[in-house]
Amino acid sequence: MRTTFTLAMVLLSLVLGMPAHALNVAFYYGQNLPWDELRAFDVVVVEPEHVATPAAYNDARSQLYAYVSVGEVHPSRAYFGRVDPRWQIGRNDAWGSIVIDQSQADWHAFFLAEVVRPLIERGFRGLFLDTLDSYHLVAKTDQARAQQEAGLVALVRAIRAAYPDVALIFNRGFEILPRVHDAVRAVAFESLYRSWNQAAQEYGEVPADDRTWVLKQLEPVVQRYKLPVIAIDYVPPRERELARTTAARIREHGFIPYVADPKFESLGVGNLEVLPRKVLFVYAARQGNELNLQTGHQVLETPLNYLGYTAEYARVDEPLPPPPLNGRYAAIVSWLSGEEARGTEFPQWIKTQLEHGMRYVALEGFGFTPDPQFLELMGLEAVNGSGKAEVRIAHREPIVGFEHEPLIPAGAYGGYRVPADSGGAPILRFAAGEDYAADAAAWTRAGGFVFAPNALVEVPGASYSRWVVQPVEFLRRALAMPEMPVPDVTTENGRRLMLVHIDGDGFPSRAELPGTPLAGEALRREVLEKYRVPTTMSVIQGEISPRGLFKSLAPVMEAEARKIFALPYVELASHSLSHPFFWKRLVDGERPEKPGTMNLALPGYEFDLRAEIPGSIEYINQTLAPAGKRAQLMLWTGDCIPPEAALKVAYDSGLLNMNGGDTVITRSRNSWTLIAPLGVRKGQYFQVYAPNQNENVYTNEWTGPFYGFERVIETFELTESPYRFKPINIYYHTYAVTKQASLRALHKIYQWALSQQVMNVYSTEYVRKVLDFNRAVVARDWSNDGWRIRAAGDLRTLRLPAQGPRPDLVRSRNVAGAVDGPSARYVHLSGDDVFLKLGAAQELPALHSANGRLIEWSRAQRSIRAAFSAHVPLEVEFDAAAGCTLHQNGRVVSPARVEGQRTRYVFAQPGRHDFELVCT
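Computed from a prediction, not measured in an experiment: that's the story for all the values here. (Residues numbered from 1 in each chain as written. Predicted model: local features only at pLDDT ≥ 70, side-chain atom pairs only at ≥ 80, totals over all residues. Heavy atoms only, no water.)

### As for unusual backbone geometry
Right, so step 1: A cis geometry characterises the amide bond from A452 onward to P453, with omega recorded as 5°.
Right, so step 2: When you line up the elements, P453 lands in the loop between β25 (447-451) and β26 (456-458).
Right, so step 3: Residue P705 is bonded to the preceding G704 through a cis peptide linkage, with omega at 0°.
Right, so step 4: Among the secondary structure elements, P705 is positioned in the loop between α18 (695-698) and α19 (712-718).
Right, so step 5: At F264, a position not held by glycine, the phi torsion is positive, near 50°.
Right, so step 6: Mapping F264 onto the fold places it in the loop between β13 (256-260) and β14 (269-270).
Right, so step 7: Despite not being glycine, H579 has its phi angle at roughly 45°, a positive value.
Right, so step 8: Owing to a relative accessible area of 8%, H579 belongs among the buried residues under this scheme. (Helix = DSSP H or I, 4+ residues; strand = E, 2+ residues; numbered from the N terminus. Buried < 20%, exposed > 50% of the residue type's maximum accessible area, 1.4 Å probe, protein only.)

Here's what the structure looks like:
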């Protein structure tokens, strides 16, 4: 069917049908703010004493406002001791604060100088003025109230005169609004339907008469002053559905809702409801203290990442974060066994979290002997062992036996099970006789569990394990995961990402080629100049520089490194100064008796983090880098387990980082336990793992067979289907070109990868996508029945269920199209502030796929303007564009191929391409 004028009318409706963007406000007064999640909101009101550097948070989309009490001062305030007793005219016993006389001019000067000015200088963009009505506690005559109101008006005017660019939100203040409404951005009030009684410490319903009164006060705010109204109601954090229905009732009045706990210590529900994408992972350190080596991190975080979650870790024997965690974390996950949690705060802590409505998922075991309260909260019952030896499988879900058949216990020992009608369901149940049934794995009303030995089964004679229960589907239900759009780092514009990065090891080695050239030269001639794709190349300063191990070869090697770095498709990276083999041991001060066993034995060198990381970067930038290029990536060496101190040095130096992780799944070692997660968080810093591993793993640590690296193609295939877990990452060392068999394997790998539909990216671009994945926020937009996604702009793909509704391109914003991929639908984003509406999708011209970054995308009445930036010759495919023409630089571009409603264009040159798709 050809595109006709009807299409033009539909395109015009794009502008008319865009969702209205109402002001979205969140209140969070707790400590340790969930910064990533708060970025979903336009305005975030915080307790200013809990924010060290507010200016660092503000951007064009989301701004911090400081909570400020005007009518009262609490003794906890730092300035309380400087409040003149003459200004104190009463008490608010419910909150333990002092009521202030607003008619005092000296109070106004003090308030401006001691309260407002420090907040503005620290970077707050607005003030939430609370307790504007507190004078009613003491002013009992019309004259007394008039004096207080006049004082408040003068104070507001003084703030506005001193700081005209600072926005003000009132909490009530109805009496003074007629005189200062022009100075106010919005008006808030509390308790339209649900309230909090501070004195009685209890939640309640708002009487109808109280609601009628406050609605009457709000009529001029809406009708005469045209100000947004924010309605704040209070609901316990665990009663999320009540919060949603309350917010919906508030929305019916045309108000901006925010429903939360009275201390604002958890994220509430408003027009937006943030879907938390972090899980708190509790573990017992078994393989030392390094997180990289913990089993739970190595095997469980990968399916969590696929489902859209990222993990923050807490050791079971260290202090655990206090409740409530609602809104910050989607769930608590633990990897504990036996009595590892015994004697810690964990048993009581997890019960408290369950009481607050948090979900809990346990792998291997609970780590303690549950008491009746815990079992009740989880929806479980204890089972006594019967002593019977004949045990059988009484029930198994289809997800059981995923990579290994379940291990049936030898006897009917004690355990736990989900009772009928408990809100849970068994996954794997064992039975014996007529009276014994216990669950080895189950979903419960509060989460789920998979107990050892049916969590992982070790493969005899190998160094890996297999899953008994398919972990993605187990977690999807155990987490009660909503069908949210998932940020995805494997794909962009419908194509699987492809990156190449090279560790510099072996640069001075000799290649088995005519003339026995240095490996660096062989790499350039035999690989880099043949496959002109984005490549990240690193060098080891201690190998190629005059201060290194091969001083006589240094001039030749540095010259060759300059040639490689001058290639237009090569980006620069460091592989350190001395190539540490064991980062933590060196950072901790351990020094071996024999030089060269923990890092390269450089003459006269004493290990130093700054020399290894920013120092090696500086060497590259000053000595090897061509004009206009700079190294900005640290590729970890050796064990690739940098401690937090090393990550801090990299971050403080403004560097990105990558390497580590062990994605080595092959057909002979076919287990998802061999697919590494995206990386690991250590304190405030994140180590990004390489998507795949290098040839060293596939060649038995470079002992042969040297063609073994070609098996990485199996890894690429097994991380593509049934789920696309990883991009394609060709990762190897410089010495990989020194053997004929290894060089042939490299050619085979490159040729396979380039035969796929890929989007070529640099390693730095991939790293930024992973960091963006960690902080991207996904929120349900209840006011527009869609989804709001905010990120940093590096991640440009969302993943949806394959069989679900397609994006509505008329009502969505910054959505360019979608394409079906492995077990999912991949949505192409054209910006970093996205509104996604699903269903009722029109058949409009849309982006099907492209191998370049989409940097502009806009629809007009009869056309689409687009711009792409590609590292290789650009290929673009459009859906439903058979009747359209593509215009670039005043000429019509002929399609390379038309197949039904799909049209493909090819541009011979890499770089930026601007064009317009015109439909008549």
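Don't stop here, the text continues.
### A closer look at the state of the cysteines
Right, so step 1: For the structure shown, the criterion picks out one disulfide.
Right, so step 2: Disulfide pairing is shown between C884 and C919; the S-S distance is 2.1 Å. With the S-S bond torsion at 100°, the cross-link from C884 to C919 turns out right-handed. Linking C884 in strand β49 (residues 884-888) with C919 in strand β53 (residues 911-919), this pair joins segments that are 35 residues apart in sequence.
Right, so step 3: By relative accessible area, which is 8% here, C884 ends up buried.
Right, so step 4: A residue is classified by how much of its surface remains accessible, and C919, at 2% relative accessible area, is buried. (Disulfide = S-S within 2.5 Å.)

### Points about the pairing of strand β40 (residues 786-790)
Right, so step 1: Burial within β40 is extensive, with five of its five residues counted as buried.
Right, so step 2: From the end of strand β39 (residues 777-781) to the start of β40, which pair antiparallel, there are four residues, and D785 there has a positive phi angle of about 55°.
Right, so step 3: Bridging between β40 and strand β44 (residues 833-836) involves four bridges; their strand directions are antiparallel. Paired with R788 across the two strands is F835, which belongs to β44. (Pairing = 2+ DSSP bridges.)

### Structural notes on the packing of helix α14 (residues 554-566) against helix α16 (residues 609-624)
Right, so step 1: Where α14 contacts α16, the two axes come as close as 10 Å, and the packing angle between them is 85°. Relative to α16, α14 is oriented roughly perpendicular. Contacts between α14 and α16 involve E558, A561, R562 and F565 on the former and, on the latter, Y619, I620, T623 and L624.
Right, so step 2: Considering only residue class, the contact of α14 with α16 consists of five nonpolar, one polar and two charged. (Axes fitted to C-alpha atoms, helices over the stretch in contact; angles between N-to-C directions. Parallel < 35°, antiparallel > 145°, perpendicular 65-115°, else oblique. Contact = heavy atoms within 4.5 Å. Nonpolar A, V, L, I, M, F, W, Y, C, P; charged D, E, K, R; others polar.)

### Focus: the nonpolar core
Nonpolar side chains in soluble globular proteins generally cluster together in the buried interior.
Right, so step 1: F27 and L127 are the most contacted members of the largest nonpolar core, which totals 93 residues.
Right, so step 2: Those residues in contact with L127 that sit more than four places away from it in its chain are Y65, A66, V68, V116, L119, I120, I159, V166, A167, L168 and I169.
Right, so step 3: With 80 residues, the next largest nonpolar core counts A311, V450, A818 and A824 among its residues. (Core = buried A, V, L, I, M, F, W, Y, C linked by side-chain atoms within 4.5 Å.)

### Points about the environment of A792
Right, so step 1: Among the structural elements, A792 can be located in the loop between β40 and β41 (797-801).
Right, so step 2: By relative accessible area, A792 is classed as partly exposed at 39%.
Right, so step 3: Taking the C-alpha atoms as reference points, A792 and I250, separated by 542 residues in sequence, lie 32 Å from one another.
Right, so step 4: With residues up to four places along the chain from it excluded, the contact list for A792 reads D772, R775 and D832.

### So, helix α9 (residues 346-355)
In an α-helix there are 3.6 residues to a turn, and that puts residues three or four apart on one side.
Right, so step 1: In terms of burial, α9 is largely enclosed, as seven of its ten residues are buried.
Right, so step 2: Turning to α9, its buried residues are F346, P347, W349, I350, K351, Q353 and L354.
Right, so step 3: Those residues of α9 that are buried are in contact with β16 (278-283), β18 (331-336), β19 (360-364) and α10 (372-378).

### Let's talk about the pairing of strand β8 (residues 167-171)
Right, so step 1: Judged by how many residues are buried, β8 sits mostly within the fold: five of five residues are covered.
Right, so step 2: Along β8, one buried face is formed by A167, I169 and N171 and the opposite face, lined by L168 and F170, is buried too.
Right, so step 3: Where strand β7 (residues 126-130) lies against β8, four bridges are found, and the strand directions are parallel. Opposite F128, over in β8, you have I169 as the bridge partner.
Right, so step 4: At this point the chain moves from β7, through helix α4 (residues 142-162), to the parallel β8, and the crossover so formed is right-handed.
Right, so step 5: Strand direction decides the pairing type here: β8 and strand β9 (residues 186-190), joined by three bridges, are parallel. Residue pairing for β9: F170 is matched across the bridge by V187. (Right-handed = clockwise from strand over helix to strand, strands pointing away.)

### Here we look at the sheet that holds β40
Right, so step 1: The strand order across the open sheet built from four strands is β15-β39-β40-β44, with neighbouring strands paired in antiparallel fashion. In this open sheet, the two edge strands, each paired with only one partner strand, are β15 (272-274) and β44. On average, each strand axis in the sheet is inclined to that of its neighbour by 25°, with strand direction left out of account.

It is worth stressing that arrangement in space is one thing and function is another; only the former is reported here.
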